[in-house]
Every structure is written in C-alpha cells, then in structure tokens.
Amino acid sequence: GGNIIVGRYAEEFFAAFKKEDIKGSLHEVLAGTLPWLSSTQGFARAIAQLLVHKMTPIVLDADPDVGKTNWYLHTMYQFLDSNPDMARLRKKQAKFFAEYEVDTACTTEGMLSIPVDVGDEADPVHMVQSIKRCLEDVYDEAHQSEGPQWKQIQAALEDID
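Throughout this description, residue numbers start from 1 for each chain and increase along the sequence as written. For this predicted model, a pLDDT threshold of at least 70 governs which residues receive local features, and a threshold of 80 or more governs which side-chain atom pairs are given and counted, while totals over whole chains, interfaces and linings are taken from all residues. Water and hydrogen atoms play no part in the side-chain values, which are based on all heavy atoms of the structure.

A. Structural view of the overall build of the protein chain. Here a helix means four or more residues in a row that DSSP labels H or I, a strand means two or more in a row labelled E, and each is numbered from the N terminus. Check the secondary structure of the protein chain and you find 11 helices and zero strands. Contacts spanning at least 24 positions in sequence make up 63% of the contacts within the protein chain whose residues lie at least 6 apart. A total accessible area of about 10800 Å² is found for the protein chain, and carbon and sulfur atoms account for 55% of it. By definition in these notes, contact holds between two residues if any of their heavy atoms fall within 4.5 Å. Areas reported as accessible are Shrake-Rupley estimates using a 1.4 Å probe. Residue values count occlusion only from the protein chains shown.

B. Quick look at the nonpolar core. Among the nonpolar cores identified, the biggest contains 24 residues, and Leu 30, Leu 34, Val 52, Leu 89, Phe 97 and Ile 131 are the most heavily contacted of them. Breaking this core down by element, the ones donating at least two residues are helix 2 (10–15), helix 3 (19–33), helix 4 (42–62), helix 6 (72–82), helix 7 (84–99) and helix 10 (127–143). When residues in this core are grouped by element, the largest group, nine residues, is from helix 4. Excluding residues that lie within four positions of it along the chain, Leu 34 makes contacts with Val 52, Tyr 72, Leu 73 and Met 76. The criterion is simple. A nonpolar core is a set of buried Ala, Val, Leu, Ile, Met, Phe, Trp, Tyr and Cys residues joined through side-chain atoms within 4.5 Å. Burial classification: accessible surface area is computed with a 1.4 Å probe over protein chains only, and a residue below 20% of its type maximum counts as buried, one above 50% as exposed, and the rest as partly exposed.

C. Highlighting the pattern of salt bridges. For this document, the term salt bridge refers to a Lys or Arg side-chain nitrogen within 4 Å of an Asp or Glu carboxyl oxygen. All told, the structure shown has two salt bridges when counted by the stated rule. Of the charged contacts, one joins Arg 90 and Asp 81 as a salt bridge, the two residues approaching to 4.0 Å between their closest N and O atoms. Arg 88 is paired through a salt bridge with Asp 85; the nearest N and O atoms lie 2.4 Å apart. Taken together, the positions of Arg 88 and Asp 85, both in helix 7 and three residues apart, correspond to about one turn of that helix. On the basis of relative accessibility, which here comes to 23%, the residue Arg 88 falls in the partly exposed class.

D. Seen up close, the environment of Asp 81. Mapping Asp 81 onto the fold places it in helix 6. Taking the relative accessible area as the measure of exposure, Asp 81 reaches 37% and is therefore partly exposed. Put simply, Asp 81 and Gln 49 are 32 residues apart on the chain and 9.8 Å apart in space, counted from C-alpha to C-alpha. With sequence-adjacent residues up to four places away left out, Asp 81 is seen in contact with His 53 and Arg 90. Of the polar contacts made by the side chain of Asp 81, one reaches the side chain of His 53; its length is 2.8 Å. Here a polar contact is taken to be a pair of N or O atoms separated by no more than 3.5 Å, where protein atoms must pair a possible hydrogen donor with a possible acceptor and residues adjacent in sequence count only if both atoms sit in side chains.

E. Local environment of the confidence of the model for the protein chain. As a per-residue quantity, pLDDT reports the predictor's confidence and falls between 0 and 100. Mean pLDDT over the protein chain stands at 75; residues scoring 70 or higher make up 78%. Mean pLDDT across the secondary structure elements of the protein chain bottoms out at helix 1 (residues 2–5), with 62, and peaks at helix 6, with 86.

F. Just the side chain of Arg 90, in detail. Among the secondary structure elements, Arg 90 is positioned in helix 7. Residue classification places Arg 90 among the buried residues on the basis of a relative accessible area of 15%.

G. Quick peek at the environment of Leu 51. As for its placement among the helices and strands, Leu 51 is situated in helix 4. When the C-alpha atoms of Leu 51 and Arg 90 are compared, they prove to be 9.6 Å apart, with 39 residues separating the residues in sequence.

If you want it as structure tokens, here you go:
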C-alpha cells in the first residue's frame, strides 16, 4: 500500500480514480488502515501513519459528509501532521517508498542481483527490514539526547573516529 499511495506510483494511482471512486474506495482503504495505527509492530504502525496522513485529506475533500460523521479523522490527521516524531518518520518513510522500485526488483536482473546466504539461497533485503532500519534510525535520532551528557560526548567522539 505504501508504495502505491505515497511512493513513486502515487501520481499514477490517484489519476486512475474519479472523485466518486475516491469517495468510496479510498474511504475503505482508510477504514482498513486505521486499526493499524495502534499496532505493537512498529513497521506496520509507521506505514499506517503514513497512509492515514496521506489519505485523510483526500477522503475528507472528496466527501465532506465523512468529516461530520467521522469527526475523529480530523483529530487524528491534526495529530499525525503536527507531531514532530511523526514528521521525521514521514519524511524518511516517504523517501524510502519513493526510492523503492518494484518494477526493477521484479525483473530477472533485479532478482539475480539479490545476495545469497551460506546455503546459496536467495537472501533479499526484505522491505520490512528496510522499514525497521528506518524506524530504528528515527528512534535513535529522537532519543539521542536522553543519556547522560558524558555518554553523549563519548558517542560523538566515537562517531568522529
């Protein structure tokens, strides 16, 4: 979903919808994504946050009545839009999805470029692993100033070496 809705294929994806289609179809996708906002799995939650942030304004613009009966959409969108951690995560996730190229990954060359493990089995970098790395980077970035000052200085000096 992320690659289609916020990635490199987003423009083509949304161009295929008429305003009437967005009213129903994207509202269904949004409804299916909302429960994942509370997932204990960080990567699933991050993708859900990204999708909800992207789809909510589109759904509300396509059908103003949705905002009246589903008042929580406005509140949720405002939180996702203004939360600094979410903004940082959204920037990194959007970059990941913009660079991830399904068309190349699914070609013969793309599949043959996948590294192999010790048993000569294909060992591709899973999208979940890439998203997890992104989330770990965001977490580290957000919590880098939580340790004692001496520990932060030590870490900075190690980074310089």
